[in-house]
Amino acid sequence: MAENNVIDFQGVAVVSCSVKTSSEELIRKIIPDKFDANRIYSQSFEDGQSFQCYPWHLTNKYFEADISFVMIQSQNDSLAYDLSSKIDALIIYLDTDDRNSLDNLNQWKPFIDRSATEVSLLVVDSVRDDSVISRHSLLKWCIDHEFELIELDIDDSQKSDEYNDDESNGIERIFEALNANKWPTMQLKDAPVYRPSENFLHLLHKNDEEASRLSGANNEGGDDTSTGIPDQSHQERDTPPTSNLDGDKEPDFEFLFKKFQDMKTEADQLTGDERKSHAEKVTIAFWKALGGDQSEIEGLDDS
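Residues numbered from 1 in each chain as written. Predicted model: local features only at pLDDT ≥ 70, side-chain atom pairs only at ≥ 80, totals over all residues. Heavy atoms only, no water.

Colleague: Can you lay out unusual backbone geometry for me, pointing to particular residues and giving the numbers?
Modeller: Of note, E146 is a non-glycine position whose phi angle comes to about 60°, a positive value. Locating E146 in the fold gives a position in the loop between α5 (135-145) and β8 (148-151). Here E146 falls in the exposed class, since its relative accessible area comes to 71%. (Helix = DSSP H or I, 4+ residues; strand = E, 2+ residues; numbered from the N terminus. Buried < 20%, exposed > 50% of the residue type's maximum accessible area, 1.4 Å probe, protein only.)

Set out below in structure tokens:
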């Protein structure tokens, strides 16, 4: 087993209060498909105290973090060094068929009190009607010590009234809790880069393509020498958007859509009949550009 001296140590303390199930066996239950005993390493702290640890790379949609499950075998281990300052989550295993297991749990109280972790889980295999330690006793202990009770092997017949079918439980809930924790040295993943679809990308650059197509045309007087397109920037800034709606040539939808914000700005500066006339012009222009039936707007464009 290699010894590892990690500066940015992020630990999940794993404690077993059962003589039947060790801390390592509990970790095997939590990550059964990925557990490899060869990866267990010894973590040393400032005073020389060492603990056996198992590394785990946590990754989800939002961040990544390198954490270690710390195997604590006895109260003497925890009391020999104030490990509470080095852990970010606490998982304690209890055997509901062993009365001594509850007594052992109560002996961990000094360590629990020092461990101000956001994630504190009390894990049991299951709680049956004939279990030596009752569900009521476990829930009371969890409430008193601000822990969450997790049952690993629970079926529908064992679910009590406090269970919600939409809530996760068992191993899934342990993973959920660890993924929700704010790890000190976690690395946030980059925000997803916006990539428009090919069709929408074409729409975004449609005007650019049209300008490029016309750039080779020879235009006389007032042409922009860089594009070959008449410089209309001053004219567009000085001319009200709706002035283009009064001519004989009907503007197309693309032009209207481009000028819509300007039309709204112009409307905000008008009052009474002027605003009504302005709104009618804009409505008629969009109707015609969309190919609407002329008969349905007869009389509006005569005002």
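Next, the rest of the story.
Colleague: Tell me about the pattern of salt bridges, and name the residues and values.
Modeller: Any two side chains of opposite charge can pair, on the condition that their charged atoms come close. Following the criterion strictly, the structure yields 10 salt bridges and no others. With a closest N to O distance of 3.0 Å, R128 and D97 form a salt bridge. With R128 in the loop between β7 (119-124) and α5 and D97 in the loop between β6 (87-94) and α3 (99-107), this pair connects stretches of sequence that are 31 residues apart. The partly exposed category is assigned to D97, whose relative accessible area is 37%. As a salt-bridge pair, R128 and D130 come within 2.9 Å of each other at their nearest N and O atoms. Take R128: its relative accessible area is 32%, and that puts it in the partly exposed class. On the basis of relative accessible area, D130 is assigned to the exposed category, the value being 58%. If you follow the salt bridges from partner to partner, you end up with D97, R128 and D130 in one network. (Salt bridge = Lys/Arg side-chain N within 4 Å of Asp/Glu carboxyl O.)

Colleague: Break down the pairing of strand β4 (residues 50-59) for me, with residues and values.
Modeller: Bridge count for strand β3 (residues 41-44) against β4 is 4 bridges, and the pairing is antiparallel. Across the sheet, Y41 pairs through a bridge with C53, a residue of β4. Direction of pairing for β4 relative to strand β5 (residues 63-72): antiparallel, over a ladder of 8 bridges. Directly across from C53, in β5, lies its bridge partner V70. Here β4 hands over to β5 after 3 residues, the two strands then running antiparallel side by side. (Pairing = 2+ DSSP bridges.)

Colleague: Would you mind going over the nonpolar core in detail, with residue names and values included?
Modeller: Ranked by size, the top nonpolar core spans 29 residues in total, and within it I92, F111 and L122 carry the most contacts. Among the elements of the structure, β2 (11-16), β4, β5, β6, α3, α4 (109-114), β7 and α5 are those that each provide at least two residues to this core. Here this core takes 4 residues from β6, the largest share from any one element. For I92, the residues in contact, after removing those within four places along its chain, are V15, C17, L105, I112, L121, L122, V123 and F147. Of all hydrophobic cores here, the second largest spans 28 residues; its members include V14, L26, F63 and I174. (Core = buried A, V, L, I, M, F, W, Y, C linked by side-chain atoms within 4.5 Å. Contact = heavy atoms within 4.5 Å.)

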